[in-house]
Amino acid sequence: MCVALCLPLLCMGKERLVLIGDASMAPHSIANPDVRGWGEKLPALFTDKVEVVNFAQAGESTHTLVDVRLKKIIDQCQSGDFVVLQLGQNDLRDDHGNMYYTAEEMARQLANIVAQLQKKRTKVILCTPIVQPYFKEDQIVLRMGVYSDVIRRVAKATETYLIDLEVLTLNWMNRIGEQNASLFFKHVSTDTQRREYMLTEAGATEVSRMFVEDVQAQKIKKLKKQVVLSIEQ
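Since the model is a prediction, treat every value here as computed from it, not as a measurement.

Colleague: Looking at this model, I keep getting lost on the sheet that holds strand β2 (residues 50-54). Mind explaining?
Modeller: Whenever strands of a sheet pair, they do so through backbone hydrogen bonds, lying parallel or antiparallel. Across the sheet, five strands lie side by side as β2-β1-β3-β4-β7; this open sheet has parallel pairing. Pairing within the sheet leaves two strands with one partner each, and these edge strands are β2 and β7 (161-163). Pairwise comparison of adjacent strand axes, ignoring direction, gives a mean angle of 20° for this sheet. Pairing of strand β1 (residues 15-21) with strand β3 (residues 82-86), which is carried by five bridges, proceeds in the parallel orientation. Residue Ile20 lies in a different strand from β3, and its bridge partner there is Leu85. Along the sheet face, helix α5 (residues 201-217) touches β3, β4 (123-127) and β7 and points at about 140° away from the line of β7.

See below:
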């Protein structure tokens with residue numbers, strides 16, 4: 001019997017895509033059809049020769065990953081796996097000590113995570129977090145600040161792939177505008193001091209498509225050949 005965090009056996013000839021990140025990537029209960037993670041949509045965008053294993057969960061930060069789950073996940077990664085890391089959205093939350101890292105702490109720990117994954121001969125893809133629909137004068141307000149820059153610097157220093165979802169989703173959100181944002185994001189926070197949004201079915205579909213299109217654009221070997229740009233709404 002398979003226990004929690006147990007990866008399926010690698011099927012002959014399959015590429016494996018392991019996802020580690022926060023709620024915007026994570027699988028969500030079918031009991032809440034209004035909220036989806038973009039990682040849930042990836043299997044439909046690849047051929048059946050790609051197996052997607054989604055370890056993302058709500059509230060994940062670099063800090064919580066290091067403290068709780070990192071070793072279990074890395075132990076199960078195999079040589080040749082593609083490992084997608086999308087962290088940072090929760091690291092800046094100084095109101096939650098178990099999530100919070102300074103930018104310097106995050107840079108150091110993220111580099112360590114990448115080094116451990118590379119030691120297992122996995123192929124790491126770092127992602128900056130997606131933007132959320134905070135608008136001012138019809139333009140998106142970026143909340144990540146230096147934290148996204150940390151991810152970009154670590155990607156360059158460790159010679160890993162970078163998919164800059166912050167830039168991709170920023171351009172997208174500025175195109176659709178504030179009046180259409182509710183089609184792609186659901187307001188889920190009751191905290192009046194901190195608005196939180198999650199992706200809807202349509203939003204998750206769009207972000208997953210952006211990820212896969214950038215896989216193709218960057219010509220990420222083996223993975224790009226398995227892309228099929230069709231997805232059921």
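Colleague: Would you take a moment to explain the packing of helix α1 (residues 62-76) against helix α2 (residues 103-119) for this structure?
Modeller: A packed helix pair is summarised by two numbers, namely the angle formed by the two axes and the spacing between the axes. The N-to-C vectors of α1 and α2 enclose an angle of 5°; their axes lie 11 Å apart at closest approach. Taken together, the axes of α1 and α2 are roughly parallel relative to one another. Between α1 and α2, the contacting residues are Thr62, Leu65, Val66, Leu70 and Ile74 on the first element and Met106, Gln109, Leu110, Ile113, Gln116 and Leu117 on the second. Residue composition of the contact of α1 with α2, by class: eight nonpolar, three polar and no charged.

Colleague: What's the story with α5 in this structure? I'm lost.
Modeller: Since the α-helix advances by 3.6 residues per turn, residues separated by three or four positions end up pointing in the same direction. With 17 residues, α5 should cover 24 Å at 1.5 Å per step; its first-to-last C-alpha distance of 24 Å lies within 8% of that length. Looking at α5, one finds that the buried residues are Gly203, Ala204, Thr205, Val207, Ser208, Arg209, Met210, Phe211, Val212, Asp214 and Val215. Directly beyond the C-terminal end of α5, a positive phi value near 55° is found at Lys219.

Colleague: Honestly, the nonpolar core in this entry has me stumped. Any pointers?
Modeller: When a protein is soluble and globular, its nonpolar side chains tend to lie buried together. Counting 39 residues, the largest nonpolar core has Leu17, Trp38, Val84, Ile125, Met173, Phe211 and Leu223 as its most contacted members. Among the secondary structure elements, those contributing two or more residues to this core are β1, β3, β4, α4 (165-176), β9 (197-199) and α5. For this core, the element with the most residues is α5, which contributes six residues. Beyond its immediate sequence surroundings of up to four residues, Met173 is in contact with Val131, Pro133, Phe135, Ile140, Ala181 and Phe185.

About the cut-offs
- Residues numbered from 1 in each chain as written.
- Predicted model: local features only at pLDDT ≥ 70, side-chain atom pairs only at ≥ 80, totals over all residues.
- Heavy atoms only, no water.
- Pairing = 2+ DSSP bridges.
- Helix = DSSP H or I, 4+ residues; strand = E, 2+ residues; numbered from the N terminus.
- Axes fitted to C-alpha atoms, helices over the stretch in contact; angles between N-to-C directions.
- Contact = heavy atoms within 4.5 Å.
- Parallel < 35°, antiparallel > 145°, perpendicular 65-115°, else oblique.
- Nonpolar A, V, L, I, M, F, W, Y, C, P; charged D, E, K, R; others polar.
- Expected span 1.5 Å × (residues − 1).
- Buried < 20%, exposed > 50% of the residue type's maximum accessible area, 1.4 Å probe, protein only.
- Core = buried A, V, L, I, M, F, W, Y, C linked by side-chain atoms within 4.5 Å.

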